[in-house]
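Structural description and commentary
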Amino acid sequence: MSDHSLFGPTQIAPNCEKTVKQGGDAAKPFDDQTAPKISLRNVHKSFKGRKVLDNISMEIMPGESHIVIGLSGAGKSVLIKCILGLLRPDSGTILINDEDWFDMSIEERLRRMPCIGVLFQGAALFDSMCVWENVAFVLLQQSMPRADARKQAEQMLEMVGLPDIGDKMPAELSGGMKKRVGLARAICHRPEIIFYDEPLAGLDPVMSDVITILLKRLHETMNVTSLTIAHNMKLVQAFSDQVSMLYEGKIYAQISAQELQETKDPLIRQFVEGRAEGPIRFGFESDMSGQPGANDKEEVI
Amino acid sequence: MLILQSIGAATERLAHAFGLYPLMMAKVLARMRKPPWFFALIIRQCEKVGVQSLPVALLTAVFTGMVMALQSWVAFHRFGAESMIATVVSLSILRELGPVLVGLMVAGRVGASFAAELGTMRVSEQIDALWTLSTDPVRYLVMPRLIAVIVMMPLLVVLADAVGMFGGYVISVHVLDQNPHTYLRNSFEYLQLIDFYSGLLKAAVFGFIIGLVSCAEGYYCAGGAAGVGQATTRAVVISAMSILIADYILTAWIFQ
Ligand SMILES: Nc1ncnc2c1ncn2[C@@H]1O[C@H](COP(=O)(O)OP(=O)(O)O)[C@@H](O)[C@H]1O
Ligand SMILES: [Mg+2]
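The notes below deal with the structure included here. (Residues numbered from 1 in each chain as written. Chains lettered and ligands numbered in written order. Predicted model: local features only at pLDDT ≥ 70, side-chain atom pairs only at ≥ 80, totals over all residues. Heavy atoms only, no water.)

**Focus on the packing of helix H5 (residues 137-175) of chain B against helix H6 (residues 180-189) of chain B**
All names here are of chain B. The contact between H5 and H6 brings their axes to 10 Å, and the two run at 150°. Crossing angle aside, the handedness with which H5 passes H6 is right-handed. Where H5 approaches H6, its residues Met165, Gly168, Tyr169, Ser172 and Val173 are matched on the opposing element by Pro180, Tyr183, Leu184 and Phe188. Within the contact of H5 with H6, the residues separate by chemical class into 7 nonpolar, 2 polar and no charged. (Axes fitted to C-alpha atoms, helices over the stretch in contact; angles between N-to-C directions. Helix = DSSP H or I, 4+ residues; strand = E, 2+ residues; numbered from the N terminus. Left-handed = near helix turned anticlockwise from the far one by under 90°. Contact = heavy atoms within 4.5 Å. Nonpolar A, V, L, I, M, F, W, Y, C, P; charged D, E, K, R; others polar.)

Take a look at the structure:
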């Protein structure tokens, strides 16, 4: 573990195997390359009677980079939160590495968690900690010495184009910088499955390109499996193996990036070209009846 | 109509709270048996609780002691029993005023900050982020705060008791011209250990109430910045009310 650079020649074993082996009752390392990393079967989720996810089924294979597109409010973030166990689906099964995490105790789930990295839509940095402590959070919790953790965090920060801000507090950063720190935090512990919730939102075009290249590199050098929510067609083209379009709670289409460009389907065309007029109905999206309420409280972690 | 409406709203809040607090408590209890405990975080929270509340607690105590001396002088002067002031002051501070007033102050100071901190972390998805970074938010955020306030309340109350009795002494001796030796003797002569311990027991219970209510309000907060504001207000109001109710129950129980 001396060379921490993702771009360096050494291939670093992802965190997952290490942690799975540690756990006494945990399963053996998951190395089946033919079974899906993540699979959803008939997942339903509604808020106060309003269906947000309506019978979603999908599979993400090892090494695949899967992009989910859809109008804002379509339930993309809810989809990720269900997979992560932050929201409990009303029905359906979600398997990660062929295991149903909702069947497990909190401890078992937490023990498996290091194989997952998440970039939240709003970055969700801990504002009581400085930037490098945020990035190195998992390493510090795994009691890596502070100096080592800091070195690794600084390398991650450099990779996302933010050297020398390790000692700043999150409140001092711009939105785009927070997003990049969030990205560094998501990948710092070398997860093998990564969720990116709108990784390019709030970035300027140049930085968008830098991050797109970075995601692609990560994907190629570390063999990570990823689920990305994105609106940026350049990112979709550069980065995706499969694209799912979420519309009115259902997966409207699941196609390759190539097919996405060529499709004649008017609804997808409208989304890809970003036009106001077309078959997309907005009533669904602007319906605000699904505000968080008291009866949703029990399902959060 | 307005009264009915506000009773309805209060009932709704109560029902909401009665669901929330046992839920939080169950989560904490389920984690009591096994580590990790995050001792460093417990220590840090203890420091924060102490630093935040010590000045207000002591100030409240000293003035309460002073007022107690003046007020009881008015009463006892009427039938010439001024020598009893000392006993009344120390008894009421130890048994009642120390824990209750410090509890109310800590509810306002610490309870509000717990609810606001956790609420902000909830609505900005920091609690979700903790979970995805392999850390149990209940262990990491809630338990250290709950433990800290339960541990610190009795300590604060001991100091407040001392300062409050000192306030009573200063006023009696220097303003009301009581004999200092008699005053000191009367302060302690009629005390029993139970007077002191019952105050500390109350303090720990009030600490538990403050910690549980304000952590639950923050942890289950929803609805953005406005939601955080509401959670904070509720944390303070419900903690304060519960402290007064629990105080009656505990007092009645100790009397038996
Ligand atoms: N915790 C929650 N409680 C109630 N409603 C929610 C909650 N989270 C999301 N929603 C609703 O679900 C819908 C989808 O939200 P989201 O997944 O964030 O959209 P997006 O596709 O833009 O990421 C929104 O209409 C939102 O109001
Ligand atoms: Mg979203």
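**Topic: H6(B)**
All names here are of chain B. Every buried residue of H6 is listed here: Tyr183, Asn186 and Ser187. All buried residues of H6 fall inside an arc of 105° around its axis, so they share one side. Residues of H6 that are exposed and point over 90 degrees away from its buried face: His181 and Phe188. Contacts made by the buried residues of H6 are with helix H3 (85-123) and H5. At the N-terminal boundary of H6, the capping side chain belongs to Asn179, with an oxygen 2.7 Å from the backbone nitrogen of His181. (Buried < 20%, exposed > 50% of the residue type's maximum accessible area, 1.4 Å probe, protein only. Arc of directions from axis to C-beta. Polar contact = N/O pair within 3.5 Å; in protein donor to acceptor, adjacent residues only side chain to side chain.)

**Quick notes on the pattern of salt bridges**
All told, the structure shown has 21 salt bridges over all chains when counted by the stated rule. Note that B:Glu125 is salt-bridged to A:Lys81, the shortest N-O span being 2.7 Å. Of this pair, B:Glu125 sits in the loop between H3 and helix H4 (126-132) while A:Lys81 sits in helix H2 (residues 76-84), on two different chains. With respect to class, B:Glu125 is no different from A:Lys81; both count as buried. Across the salt bridge formed by A:Glu154 and A:Arg150, the nearest N and O atoms sit 3.0 Å from each other. One end of the pair is A:Glu154 and the other is A:Arg150, both in helix H6 (residues 146-159) and 4 residues apart, which spans about a single turn. Of the residues examined, A:Arg150 reaches a relative accessible area of 25% and is grouped as partly exposed. When salt bridges that share partners are traced, they join A:Lys81, B:Arg122, B:Glu125 and B:Asp128 into one network. (Salt bridge = Lys/Arg side-chain N within 4 Å of Asp/Glu carboxyl O.)

**Structural notes on the state of the cysteines**
Residues and elements named next belong to chain B. Evaluation of the coordinates by the stated rule reveals 0 disulfides over all chains. In this structure Cys46 is a free cysteine whose sulfur lies 13 Å from that of Cys215, the closest cysteine sulfur available. Taking the relative accessible area as the measure of exposure, Cys46 reaches 14% and is therefore buried. (Disulfide = S-S within 2.5 Å.)

**Some thoughts on the coordination of the magnesium ion (ligand 2)**
Residue and element names in this part refer to chain A. Around the magnesium ion (ligand 2), the protein contributes the donor atoms Ser77 (OG) and Gln121 (OE1), at 2.1 Å from the metal centre. In this pair, Ser77 is assigned in helix H2 and Gln121 in the loop between strand E6 (116-119) and helix H4 (131-135), connecting sequence segments 44 residues apart. With relative accessibility at 36%, the residue Gln121 sits in the partly exposed group. (Donors = N, O, S within 2.8 Å, 3.2 Å for Na, K, Ca; no water.)

**Thoughts on the nonpolar core**
Generally speaking, a soluble globular protein has its nonpolar side chains buried in company with each other. A:Leu40, A:Ile116 and A:Phe195 are the most contacted members of the largest nonpolar core, which totals 92 residues. For this core, the element with the most residues is H5(B), which contributes 13 residues. In terms of nonpolar packing, the next biggest core, distinct from the first, is built from 55 residues, A:Val135, A:Val236, A:Val243 and A:Ile268 among them. (Core = buried A, V, L, I, M, F, W, Y, C linked by side-chain atoms within 4.5 Å.)

**Observations concerning the packing of aromatic side chains**
Under the definition given, this model contains 9 aromatic pairs over all chains. For the ring pair A:Phe126 and A:Phe137, a centre distance of 5.0 Å and an interplane angle of 50° mean the geometry is tilted. Taken together, the positions of A:Phe126 in the loop between E6 and H4 and A:Phe137 in helix H5 (residues 137-141) put the pair 11 residues apart, joining distant regions of the chain. There is no split in this pair, since A:Phe126 and A:Phe137 are both buried. Geometrically, the ring pair formed by B:Tyr219 and B:Tyr220 is edge-to-face, given 5.2 Å between the ring centres and 85° between the ring planes. A single burial state applies to B:Tyr219 and to B:Tyr220, both of which are buried. Among the aromatic residues, those joined into a ring-pair cluster are A:Phe126, A:Phe137, B:Phe38 and B:Tyr140. Here the guanidinium or amino end of A:Arg185 rests over the ring plane of A:Phe126, the centre of that ring lying 4.7 Å away. (Phe/Tyr/Trp six-rings, centres within 6.5 Å; stacked < 30°, edge-to-face > 60°. Lys NZ or Arg CZ within 6 Å of the ring centre and 35° of its normal.)

**Comments concerning the interface of chain A and chain B**
Taken together, the contact between chain A and chain B spans 31 residues of the former and 28 residues of the latter. Of the roughly 2,400 Å² buried at the junction of chain A and chain B (both faces included), carbon and sulfur atoms supply 64%. Counting the contacts that link chain A with chain B gives 3 salt bridges. Close ionic contact of B:Arg139 with A:Glu107 constitutes a salt bridge, the shortest N to O distance being 3.8 Å. At the junction of chain A with chain B, the criterion picks out 3 residue pairs in polar contact (both at pLDDT 80 or more). When residues of the side of chain A that touches chain B are traced back to their parent elements, those giving at least two are H2, helix H3 (106-112), E6 and H5 of chain A. Tallying contributions element by element places H3(A) first for the side of chain A that touches chain B, with 4 residues. (Buried area = accessible area lost by both parts, 1.4 Å probe.)

**Structural notes on unusual backbone geometry**
Residues B:Pro35 and B:Pro36 are joined by a peptide bond in cis, for which omega reads 5°. Positive phi, close to 50°, is recorded for A:Asn42, a residue that is not glycine. With respect to the helices and strands, A:Asn42 occurs in strand E1 (residues 38-47). Using a relative accessible area of 40% as the deciding quantity, one classes A:Asn42 as partly exposed. One non-glycine residue, B:Glu125, adopts positive backbone phi at about 65°. We classify B:Glu125 as buried; its relative accessible area is 17%.

**Some details on the sheet that holds E1(A)**
Strand order in the open sheet formed by 4 strands is E2-E1-E4-E5 (chain A), and the pairing between neighbours is antiparallel. Each edge of the open sheet carries a strand with a single partner, namely strand E2 (50-60) and strand E5 (99-100) of chain A. (Pairing = 2+ DSSP bridges.)

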